[in-house]
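# Analysis of the macromolecular model
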Amino acid sequence: MKTNIKLGSKVRILDIKITQFSQFNITTNFDVSRSPLVEYQTNLNYRVIENEEKVVCLLDVKIKLIETNEYFAELKSEILFHVTPINNVVRNFNDNQEINTQLLHDITSFSISTIRGVLFEKLKGSVIQNEIYPLIDISKLFPNTNSID
């Protein structure tokens, strides 16, 4: 993947790391025909490694069975992007960094799509293999995709 952000920076994917995947033993019986069967809990965080011109999307997903309120699986990932020049899309304020919202939108969209595929593959053969990780409207997460000043 290579894309151009409004401010002239180039973005490419460097690596996709699955840092943890756990599928838990469920001790309670539940109705597998129920729809929806699971609840997805998604957590997004970002990290900038400025001296290496990297932005990292940390995406964690927990899958909970609705009927029993038990966790079924958990996946933690890091998706690394190379962004050049990074100072076009990251601004420093004291000890904090502000990332351009268009960049956040683009890397989040790519990261979520990637994890959808990873979950599809990891959950094959399980009782929830036919559950679909829901589509997420990224524009609601980042309503203002204007560049930072």
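Since we're looking at a predicted model, the values are computed, not measured. (Residues numbered from 1 in each chain as written. Predicted model: local features only at pLDDT ≥ 70, side-chain atom pairs only at ≥ 80, totals over all residues. Heavy atoms only, no water.)

## Let's talk about the overall build of the protein
In terms of regular secondary structure, the protein is built from 2 helices and 7 strands. Walking the protein from its N terminus toward its C terminus, one meets helices and strands in the order β-β-β-β-β-β-β-α-α. In terms of its C-alpha atoms, the protein occupies a principal-axis envelope of roughly 55 × 30 × 25 Å. Relative to its full complement of 149 residues, the protein shows a buried share of 37%. Accessible area of the protein: about 8500 Å², with a carbon and sulfur share of 44%. Put simply, the protein has 16 plus and 18 minus side-chain charges, and the middle of one group is 4 Å from the middle of the other. (Helix = DSSP H or I, 4+ residues; strand = E, 2+ residues; numbered from the N terminus. Buried < 20%, exposed > 50% of the residue type's maximum accessible area, 1.4 Å probe, protein only. Areas by Shrake-Rupley, 256 points an atom, 1.4 Å probe, with all protein chains shown as cover. Lys, Arg positive; Asp, Glu negative; His and termini not counted. Charge placed at Lys NZ, Arg CZ, Asp CG, Glu CD.)

## Focus on the nonpolar core
Core analysis: the biggest nonpolar cluster contains 34 residues, and V55, I63, V83, L103, I115, L119 and I128 have the highest contact counts within it. Broken down by element, the residue count for this core peaks at 7 residues, all from helix 1 (residues 101–122). Excluding residues within four positions of it along the chain, I128 makes contact with L37, V38, I63, L65, F72 and L123. (Core = buried A, V, L, I, M, F, W, Y, C linked by side-chain atoms within 4.5 Å. Contact = heavy atoms within 4.5 Å.)

## A word on the confidence of the model for the protein
For the protein, the average pLDDT comes to 86, and 91% of its residues sit at 70 or higher. Within the model, the stretch residues 1–5 combines pLDDT values under 50 with 19 contacts to residues more than four positions away or in other chains. (pLDDT = per-residue confidence, 0-100.)

## Side note on the packing of aromatic side chains
Counting across every chain of the model gives 1 aromatic pair. Geometrically, the ring pair formed by F81 and F110 is edge-to-face, given 5.9 Å between the ring centres and 80° between the ring planes. Pair noted here: F81 is in strand 5 (residues 71–84) and F110 is in helix 1, with a separation of 29 residues, a long-range link. Relative accessible area serves as the criterion here: at 0%, F81 is assigned to the buried category. Classification of F110 by relative accessible area gives partly exposed; the value is 23%. Here the guanidinium or amino end of K62 rests over the ring plane of Y71, the centre of that ring lying 5.3 Å away. (Phe/Tyr/Trp six-rings, centres within 6.5 Å; stacked < 30°, edge-to-face > 60°. Lys NZ or Arg CZ within 6 Å of the ring centre and 35° of its normal.)

## Things to note about the pattern of salt bridges
Pairing is possible between side chains of opposite charge, provided their charged atoms come close. Following the criterion strictly, the structure yields 5 salt bridges and no others. The salt bridge involving E52 is made with K54; its shortest N-O contact spans 2.8 Å. Here E98 ties to R91 by a salt bridge, and the two come within 3.4 Å at their closest N and O atoms. Residue classification places R91 among the partly exposed residues on the basis of a relative accessible area of 26%. (Salt bridge = Lys/Arg side-chain N within 4 Å of Asp/Glu carboxyl O.)

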